[in-house]
Structures are given as C-alpha cells and as structure tokens.
Amino acid sequence: MPRWHGAQLWRYRGDASAPTGIDAPGFGKGYTAVREQWVKLLDGLNFLHRHKAMNIILLSHVAIKPFNDAVHESYDRWEMKCNKNVNALIKDWVDFNLFANYQTETIKDGSKTRGVSYGKRALHTQFAAAFDAKSRVALPPKIDLSWNAFVTSYADALQASS
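Worth saying up front: this structure is predicted, and the values here are computed from it rather than measured. (Residues numbered from 1 in each chain as written. Predicted model: local features only at pLDDT ≥ 70, side-chain atom pairs only at ≥ 80, totals over all residues. Heavy atoms only, no water.)

### Some words on the sheet that holds strand β5 (residues 112–124)
And step 1. If you trace the three strands from one edge of the open sheet to the other, you get β4-β5-β7, paired in antiparallel fashion. Where the open sheet ends on each side, the last strands, each with one partner, are β4 (99–109) and β7 (142–144). In this sheet, adjacent strand axes meet at a mean angle of 50° when their direction is disregarded.
And step 2. Inspection of the sheet shows β5 paired to β7 by three bridges, in the antiparallel sense. The residue bridging Ala-122 from the neighbouring strand is Asp-144, located in β7. (Pairing = 2+ DSSP bridges. Helix = DSSP H or I, 4+ residues; strand = E, 2+ residues; numbered from the N terminus. Axes fitted to C-alpha atoms, helices over the stretch in contact; angles between N-to-C directions.)

Laid out in structure tokens, this is it:
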C-alpha cells in the first residue's frame, strides 16, 4: 500500500479506525478528513503563536509536479509534497513560504548542458515559475540559507516598511 499524507495525523490521534489508504473512507472523503486535521493542527499552532509568543516553522519536502499554465505551455515546477488542498491551506496560513535549494549553474559542454553546484544554499522568497515562494514583507528575492541572513533581512524589511 503506498504511503499517503495525513496517515500520521490519524496515528497521532490514536484512531484505531484509521484508513489504510486515502480513498478507503470513500471517494474524496480521505482528502477532506486530512484537510480537517490540518485545520485543527494550524488552529493549535495559531494558539501557540498568539498566547505563547512562539514562532512556528513548518518544513516540508517538495516534488516536481506538472503545472498547466493557462497562458503558456505546460511545464514542471517544485511544489510542496502534499495534497493540493492541504498545500493551499498551508500556503495561505504561513507568513513565509520559502524555497531552499542549492545554488546551481549550467555549463555548456559541447552539445550537452551540465548542472554544477558548489554546495552553497539559498532561500528564495518570491514566486518563480520553477517554485512557490512568498513573503508577507518585502524580503530580497534570494538570501543565504542561514538563520542570521533571514533575521537580518526580516529586520531590514520591517524597518523599511515603518
């Protein structure tokens, strides 16, 4: 049985009747149930943020998914590795949806093109055709992948907006 997102939420609840697959509860009902559990989780995280002054950081894996553009030809892009409804819910909830990746270059080698990376990582803060990213404050489009770089950019953006 393939693993599906949301099964961990049922296990966390201790639900003995946890479905064995996303369609086990009935067509579309598994996705709805998973979304409802995410809403509860995000409500709990909101409580922690508001009443305990905690900053919340969510991390996710990404996958390359096809994107059917209404204006241009279809292309592939990096997106959060979860159901599209949960993906939209999380992206609406967060203040920052940052995309981390290795900085790469392409080098033409005769008729072939190679990708080269030297191990340096970056955080992308704005939407691009290749990936989702957003920031509710005006961060630079790309910053180094470090907590200090993020905090400095965030403080600079807050100061510039006041």
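### Section: the packing of helix α2 (residues 29–52) against helix α3 (residues 84–93)
To characterise two packed helices, one gives the angle between the axes of the helices and the distance between these axes.
And step 1. Between α2 and α3, whose axes approach to 10 Å, the crossing angle comes to 15°. Here α2 is positioned roughly parallel relative to α3, judged by the angle of their axes. Considering only the axes of α2 and α3, their crossing is right-handed. Mapping the contact onto sequence places Val-34, Arg-35, Trp-38, Val-39, Leu-42, Leu-45 and Asn-46 in α2 and Asn-85, Val-86, Leu-89, Ile-90 and Trp-93 in α3.
And step 2. Class assignment of the residues belonging to the contact of α2 with α3 gives a composition of nine nonpolar, two polar and one charged. (Parallel < 35°, antiparallel > 145°, perpendicular 65-115°, else oblique. Left-handed = near helix turned anticlockwise from the far one by under 90°. Contact = heavy atoms within 4.5 Å. Nonpolar A, V, L, I, M, F, W, Y, C, P; charged D, E, K, R; others polar.)

### A look at helix α4 (residues 147–161)
And step 1. With 15 residues, α4 should cover 21 Å at 1.5 Å per step; its first-to-last C-alpha distance of 21 Å lies within 8% of that length.
And step 2. Of all the positions in α4, only Ala-149, Phe-150, Ser-153 and Ala-157 are classed as buried. Looking straight down α4, one finds that the buried residues subtend no more than 95° of arc, so they occupy a single side. Residues of α4 that are exposed and point over 90 degrees away from its buried face: Trp-147, Asn-148 and Gln-159.
And step 3. Buried residues along α4 sit against β3 (96–97) and β7. (Expected span 1.5 Å × (residues − 1). Buried < 20%, exposed > 50% of the residue type's maximum accessible area, 1.4 Å probe, protein only. Arc of directions from axis to C-beta.)

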